[in-house]
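Geometric and topological summary
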Amino acid sequence: MPAPHKPDRPASTRLAALLLAASLPFSLAGCGEEAPRSEAGQVAGSSGEPATQTTPVPQGHGFDFYVLSLSWSPTWCMDNDPAGRSEQCQAGRKAGFVVHGLWPQFERGYPEFCRSAEPGRVPAALGRQYLDIMPSMGVIGHQWRKHGSCSGLDQRDYLAATRAAYERIHLPDTLANASGKRLGAAEIEAALVTANPGLMEAGIAVTCDRGRLEEIRICMTPGLDFRACPEVDRAGCKAKNIVRPAVR
C-alpha cells in the first residue's frame, strides 16, 4: 500500500528552513574560532602536569626523529666562560637548563649543514623571540645552520618546532631547581620518566663532562611524540654519581 501523501509546506516555511540550514555552518565556525586554545605543552622546569599539545607542530622531513638537547648552563659556563662575560653566564642570571638545540637524526648517524634555500643568518627580529629558551643569537644561528637546515623546515618553522619541543618537556623541581648536588644518570632518567607520561628511559641520554652534568637529550618523533632511540641512549653517561654545578 503506498505511503500516504504528505501535504507540501507553504513556500514561506520552506524558505525559512533553508535559510536556517544555510546559517548553521557559519554559526558553528564562529564558535570554533572563539574557543580558547591551550598552550602546546608544559614549560620545562615549571610545576604541574605537562599540558596536552594542541597547537600543530611544523612537520619536518628528510630525517627519522629529533633529539632535543637541554644544556645545564653552570657546566657550560665553567668550561667556556668562567669569567661570566656572556649573558648566559653572568652572576645573578640563574641560568639552569637552556635549549642547546633540536637535532634531526637518522636511526644511525645524523645529517648536518644541509643545503637550504633559507639564508644562513637568522634575522635578529626572529631570533630574539627565542632568547628566553636559547642563550644567545650566536647559538640560535649556529643551530639553524648545522641542524635546522636539515629539518626540511624554514627558519621560522624550525624555531617554532624547537619551542614546541621545549614546552613538551616537564622538568621536575628536583632537576630544574636543585643544584650543587649529586645524582646518578639513571636517577635523572627515572625522574624524567615519572614526570613525563609516555617518555621512556630508552629515549633519554644524560651526558656528563668530568663527573658533572652536561646535557639531557630526549628523543622525539617529527610530531614531538616521545620515542626510543637506541644509538643516542647508548651514548649516554653511565656514571652513578654526577654533580650538578650550582647556578650563578
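Refer to the preceding data block for the structure.
Conventions we followed
- All residue numbers here refer to positions counted from 1 along the written sequence of the relevant chain.
- Only residues with pLDDT of at least 70 get local features here, since the model is predicted, and only at 80 or more are side-chain atom pairs given and counted; chain-wide, interface and lining totals rely on the full set of residues.
- Note that the side-chain values use all heavy atoms of the structure and ignore hydrogens as well as water.
- Partly exposed describes any residue whose relative accessible area lies between the buried limit of under 20% and the exposed limit of over 50%, with all areas from a 1.4 Å probe on protein chains only and scaled to the type maximum.
- For the purposes of this entry, the term helix denotes a DSSP run of H or I that reaches at least four residues, the term strand denotes a run of E that reaches at least two, and both are numbered from the N terminus.
- Pairing between strands is defined by DSSP: at least two bridges between the two strands are required.
- The arc refers to the directions leading from the helix axis to the C-beta atoms.
- Residue contacts follow a heavy-atom distance rule, with two residues in contact if any of their heavy atoms lie within 4.5 Å.
- Pairs of cysteine sulfur atoms within 2.5 Å are what we label disulfides.

Observations regarding the pairing of strand S5 (residues 212–220)
Of all 9 residues that make up S5, 7 are buried, and the element is covered over most of its length. For strand S1 (residues 65–72) and S5, the ladder comprises 6 bridges, and the chain directions are antiparallel. The residue bridging Tyr66 from the neighbouring strand is Met220, located in S5. As defined by bridge partners, strand S4 (residues 204–209) adjoins S5 across 6 bridges and the pair is classed as antiparallel. The residue bridging Ala205 from the neighbouring strand is Arg217, located in S5. Hairpin geometry of S4 and S5 is characterised by an intervening segment of 2 residues between the two adjacent antiparallel strands and by a positive phi of about 50 degrees at Arg210.

Observations regarding helix H7 (residues 185–195)
Those residues of H7 not exposed but buried are Ala185, Ile188, Glu189, Ala191, Leu192 and Ala195. Angularly, the buried residues of H7 cover 160 degrees about the axis, an arc narrow enough to put them on a single face. Away from the buried face of H7 by more than 90 degrees, exposed residues Ala186 and Thr194 are located. Buried residues belonging to H7 abut helix H6 (173–176), strand S3 (182–183), S4, S5, helix H8 (230–234) and strand S6 (242–243).

Examining the state of the cysteines
One pass over the full model with this rule turns up 4 disulfides. At a sulfur-sulfur separation of 2.0 Å, the disulfide partner of Cys77 is Cys89. Negative torsions about the S-S bond denote left-handed disulfides, and the value of about -85 degrees found for Cys77 with Cys89 makes this one left-handed. Remark: Cys89 occurs in the loop between helix H2 (73–80) and strand S2 (97–105) and Cys77 occurs in helix H2; sequence separation between them is 12 residues. Both residues of the pair, Cys77 and Cys89, count as buried.

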